[in-house]
Amino acid sequence: MSDHLQPETLALHTGIHRSQFNEHSEAMYLTSSFVFDSAAQAAARFSGNEAGNIYSRFTNPTVTAFEERLAVLEGAEMCIATSSGMSAILACVMGLLSSGDHIVASQSLFGATVNLFNTILKRFQVETTFVSATDTSAWQAAIRPDTKLFFLETPSNPLTEISDIAALARIAKQRGILLAVDNCFCTPILQKPLELGADIVIHSATKYLDGQGRILGGAVLGNRELLMDGGIYGFLRTAGPTMSAFNAWVVLKGLETLKIRMQAHAENALKMAQWLEAQPKVQRVYYPGLTSHPQYKLAKQQQTTGGGIVTFEVKGGREAAWRVIDCARLISITANLGDAKSTLTHPATTTHARISQEARDVAGISEGMLRIAVGLESVKDLQDDLAHGLSD
Ligand SMILES: *Cc1c(COP(=O)(O)O)cnc(C)c1O
């Protein structure tokens, strides 16, 4: 597909390989294996001398269609789809790292990513040093001779801290370190980490890429050499956390509306953030699209809008925060995000409950903090819903 097309066009017209029936909507290939014309062809496929599908743990045409579409949107040479966002991160580290290697990671990462690095990878002698998402010099200072990977997500969850991707990419490149960015919150519509110098982009397709809270999925993107020779594809093909054809079909169709959805999420979120800032019961609002955000300027350079996640602190601690949740009739009480339906979470007792009080204090996650993943409802209706629990 040619380079001059805009993202919303590419999201509709990339990855189309029609069958002999000439279907308009992409076909779903629910098959575990593929048939060969002859023994010789089977041998040629297995040896790699002939391109083509063999078995859906390796490749599947529906999964390939999703991979091609997302790769074009991220500006990546290659995409490998996975069964979840976490298995994308696992494939990345299992492919690229060996025992004795070291990671420098943001201390504001998705909870399961922290657990993966801190508990599971540690058992295989891969150590991680966690540093501030926003303090670039801390990343530089944490580098050791055995450091192989920088890992971050920006904006972070739930505080929407912004890491300077271009600055960290320069430091990483100088020291021969790879930079991986979890681009789940922004999607390629709002931010393209590879253009800013990152080597790898990670996605949880579960979130905005699907956009309707239906499936689990993930993806690793980067250049072909890194993904193939770097062992990421090899890990997936061998160990098996590949994306199912059904999930690939769902998220392939999700990508078709990604741009228009991301714009609507961000528009609603900005209005919500501005409204929350004016509420007497709200102490502080965290949203990269607000001029009050400490990294508003950097966010503006790096991403096209503030995105769909707004975090705010209510006066009165946990009791007041839970009241806002329990008084909401429209907004769903669930930890997922990136859904067309708005969701409301109390991080301290849910997504971040498994980390210690001290770690929460360091990360700035207070008892009065709430995270809203702003959906596609009328923002007026959403504000009215939050107002129930923010009144006297
Ligand atoms: C949800 C999430 C993940 C994990 O994705 P799953 O699909 O749930 O495995 C990773 N990173 C971020 C930023 C997320 O929000």
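Everything below is about the structure printed above this text.
Just so it is clear, the structure is predicted and the values come from calculations on it, not from any experiment. (Residues numbered from 1 in each chain as written. Predicted model: local features only at pLDDT ≥ 70, side-chain atom pairs only at ≥ 80, totals over all residues. Heavy atoms only, no water.)

> Got a minute to help me understand the site of the ligand in this structure?
Lining the immediate surroundings of the ligand are Ser84, Gly85, Met86, Phe110, Glu153, Asp182, Cys184, Ser204, Thr206, Lys207 and Gly217. Contact distances for the ligand include 2.6 Å between an oxygen atom and a side-chain N or O atom of threonine 206. Its residues assigned to classes, the shell around the ligand shows three nonpolar, five polar and three charged. (Near = heavy atom within 4 Å. Polar contact = N/O pair within 3.5 Å; in protein donor to acceptor, adjacent residues only side chain to side chain. Nonpolar A, V, L, I, M, F, W, Y, C, P; charged D, E, K, R; others polar.)

> Which parts of the structure should I look at to understand the sheet that holds strand 2 (residues 102-106)?
The pairing of strands in a sheet happens through backbone hydrogen bonds and is either parallel or antiparallel. With respect to topology, seven strands assemble into an open sheet ordered 1-7-6-5-4-2-3, the strand pairing being mixed. Two strands bound the open sheet, and with one partner strand each, they are strand 1 (78-82) and strand 3 (127-131). Going across the sheet, the axis of each strand differs from the next one's by a mean of 20°, ignoring polarity. Judged from the four bridges that link them, strand 6 (residues 200-204) and strand 7 (residues 218-222) form a sheet pairing that is antiparallel. Within the sheet, the bridge partner assigned to histidine 203 lies in strand 7 and is alanine 219. Across the sheet, helix 3 (residues 61-74) is in contact with strand 1, strand 6 and strand 7; its angle to strand 1 comes to roughly 130°. (Pairing = 2+ DSSP bridges. Helix = DSSP H or I, 4+ residues; strand = E, 2+ residues; numbered from the N terminus. Axes fitted to C-alpha atoms, helices over the stretch in contact; angles between N-to-C directions. Contact = heavy atoms within 4.5 Å.)

> Hey, could you run me through the pattern of salt bridges in this one?
Side chains carrying opposite charge are able to pair once their charged atoms draw close together. In total, this model carries 13 salt bridges according to the counting rule given. When the shortest N-O distance is used, the salt bridge between arginine 69 and glutamate 26 registers 2.6 Å. Highlighted residues: arginine 69 in helix 3 and glutamate 26 in the loop between helix 1 (7-13) and helix 2 (39-47), separated in sequence by 43 residues. With relative accessibility at 0%, the residue arginine 69 sits in the buried group. Between aspartate 384 and lysine 380 there is a salt bridge, and its shortest N-O distance comes to 2.8 Å. A residue pair is termed a helical-turn pair when its members lie 3 or 4 positions apart in one helix, as aspartate 384 and lysine 380 do in helix 16 (residues 379-390) at four residues. The class of aspartate 384 is partly exposed, set by a relative accessible area of 35%. Among the charged side chains, a network of salt bridges with common partners joins Glu26, Arg69, Lys253 and Glu256. (Salt bridge = Lys/Arg side-chain N within 4 Å of Asp/Glu carboxyl O. Buried < 20%, exposed > 50% of the residue type's maximum accessible area, 1.4 Å probe, protein only.)

> How should I be thinking about the nonpolar core in this particular structure?
One recurring pattern in soluble globular proteins: nonpolar side chains tend to sit buried together. Core analysis: the biggest nonpolar cluster contains 35 residues, and Phe66, Leu70, Leu221, Met243 and Leu258 have the highest contact counts within it. Among the secondary structure elements, those contributing two or more residues to this core are helix 1, helix 3, strand 1, helix 8 (187-190), strand 7, helix 11 (245-256) and helix 12 (258-277). In terms of residue count, the dominant contributor to this core is helix 3 (six residues). Taken domain by domain, the makeup of this core includes at least three residues from each of domain 1 (7-255) and domain 2 (263-390). Excluding anything up to four places from it in sequence, leucine 221 contacts Leu70, Ala71, Glu74, Ala76, Met78, Cys79, Asp199, Ile200, Val201, His203 and Leu227. Grouped together as the second largest cluster of nonpolar side chains are 31 residues, Leu97, Ala105, Val114 and Leu149 included. (Core = buried A, V, L, I, M, F, W, Y, C linked by side-chain atoms within 4.5 Å. Domains from an automatic or database assignment.)

> I would appreciate a short explanation of the packing of aromatic side chains in the present structure.
Two aromatic rings, taken as a pair, are described by how far apart their centres are and by the angle between their planes. Within the structure shown, the criterion is met by four aromatic pairs. Ring plane angle 75° and centroid distance 5.8 Å describe the contact between tyrosine 55 and phenylalanine 58, whose orientation is recorded as edge-to-face. According to the relative accessible area criterion, phenylalanine 58 is buried, its value standing at 15%. Ring plane angle 85° and centroid distance 5.3 Å describe the contact between phenylalanine 117 and phenylalanine 151, whose orientation is recorded as edge-to-face. Note that phenylalanine 117 is positioned in helix 5 (residues 111-123) and phenylalanine 151 in strand 4 (residues 147-153), a separation of 34 residues in sequence. Residues phenylalanine 117 and phenylalanine 151 agree in their burial class; the two are buried. The ring of phenylalanine 58 carries the charged tip of arginine 237 above its face, separated from the ring centre by 3.8 Å. (Phe/Tyr/Trp six-rings, centres within 6.5 Å; stacked < 30°, edge-to-face > 60°. Lys NZ or Arg CZ within 6 Å of the ring centre and 35° of its normal.)

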